[in-house]
Amino acid sequence: MFRLLLFLSLFPIALTMAARWWFGLRVLADISGRPCRCDLARWLPAPGDASLVHHAEASAGEFGSQLRLKSLAQWQEQAPKSAASREHTRRFASIVPPLSGIVAVFAVLGAKIPVIGAIAILLGATAVTTVMEILSLPSELGAIARTARQTREDKSFPHGDDEDAVIRCAAAHAWVASLPLILRALHR
């Protein structure tokens, strides 16, 4: 039974890690360092940014990260229940795998399950949280798309190529953050 759970757990984890690499890490490796220029009169700083000086030139990865933060803040204002649901999923995904690992270790020490069972339980909990993270990702990508549409309408970036690179980086940052913390530590 533990071997079946182990196999069934590895499948969604492997698929999610491959999707994260394809849609997130690969995109960031390709275009994250691209220098971009924005119009500071139209590009508002990210929420929580308290610096007095903002630069009109930065990498696409930095602007993409700021665009993602802006979209999350706007999403929180426009649809607080949906945004809170995504945040609760993130918290759940960061807590459940380590707690299930601790329970599995105690079960092994108490001679209730074999070591393979403990590994299967840890991977099973990780797989469940991974699937939950991926299923809640489209709502975050939708929020990024709405903010990107607004950025295009505001003409925050004089060059369309810069704008496209920033939007792709924002979506890539969302994909990179879509794994539970335990898998992010392993998949860098």
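What you see is a predicted model, and the numbers here were worked out from it, not measured in a lab.

Participant: Looking at this structure, how should I read helix H4 (residues 115-154)?
Facilitator: Turn by turn, an α-helix covers 3.6 residues, leaving residues three or four places apart pointing in a common direction. With 40 residues, H4 should cover 58 Å at 1.5 Å per step; its first-to-last C-alpha distance of 57 Å lies within 8% of that length. Along H4, the sharpest change in direction is near 30° and occurs at Leu-137; proline Pro-138 comes one to four residues later. Where H4 terminates, the next one or two residues include Lys-155, which has phi positive at roughly 55°.

Participant: How should the nonpolar core be read in this particular structure?
Facilitator: If you look at soluble globular proteins, the nonpolar side chains tend to sit buried side by side. Core analysis: the biggest nonpolar cluster contains 24 residues, and Trp-43, Ala-60, Phe-63, Leu-67, Phe-157 and Val-166 have the highest contact counts within it. Elements supplying a minimum of two residues to this core: helix H1 (2-31), helix H2 (60-78), H4 and helix H5 (160-176). Considering each element in turn, this core owes the most residues, 9 residues, to H5. Residues within four places of Phe-63 in sequence aside, it is in contact with Cys-36, Cys-38, Trp-43, His-55, Ala-56, Glu-57, Ala-58, Phe-157 and Val-166.

Participant: Please explain unusual backbone geometry as it appears in this structure.
Facilitator: A negative phi angle characterises most non-glycine residues, just as the trans form characterises most peptide bonds. Positive phi, close to 60°, is recorded for Ala-111, a residue that is not glycine. With respect to the helices and strands, Ala-111 occurs in the loop between helix H3 (80-109) and H4. The residue Lys-155 is not glycine, and still its phi comes out positive at about 55°. By the element assignment, Lys-155 lies in the loop between H4 and H5. You can call Lys-155 exposed: its relative accessible area is 54%.

Participant: Quick question: what am I supposed to make of the pattern of salt bridges here?
Facilitator: Between side chains of opposite charge, a pair can form when the charged atoms approach closely. Under the definition given, this model contains 9 salt bridges. Salt-bridge contacts for Glu-133 lead to Arg-86; the nearest nitrogen and oxygen are separated by 3.6 Å. Remark: Arg-86 occurs in helix H3 and Glu-133 occurs in helix H4; sequence separation between them is 47 residues. For the pair Glu-133 and Arg-86, one class covers both residues: buried. Where Arg-152 meets Glu-163, a salt bridge forms, and the shortest distance between an N and an O atom there is 3.2 Å. Here the residue Arg-152 occupies a position in helix H4, and Glu-163 occupies one in helix H5, the gap between them amounting to 11 residues. When its relative accessible area of 38% is taken as the criterion, Arg-152 is described as partly exposed. Here the residues in one salt-bridge network are Arg-68, Arg-86, Arg-90, Glu-133 and Glu-140, joined through shared partners.

Calculation notes
- Residues numbered from 1 in each chain as written.
- Predicted model: local features only at pLDDT ≥ 70, side-chain atom pairs only at ≥ 80, totals over all residues.
- Heavy atoms only, no water.
- Helix = DSSP H or I, 4+ residues; strand = E, 2+ residues; numbered from the N terminus.
- Expected span 1.5 Å × (residues − 1).
- Bend = angle between axes of the 7 residues up to and from the residue.
- Core = buried A, V, L, I, M, F, W, Y, C linked by side-chain atoms within 4.5 Å.
- Buried < 20%, exposed > 50% of the residue type's maximum accessible area, 1.4 Å probe, protein only.
- Contact = heavy atoms within 4.5 Å.
- Salt bridge = Lys/Arg side-chain N within 4 Å of Asp/Glu carboxyl O.

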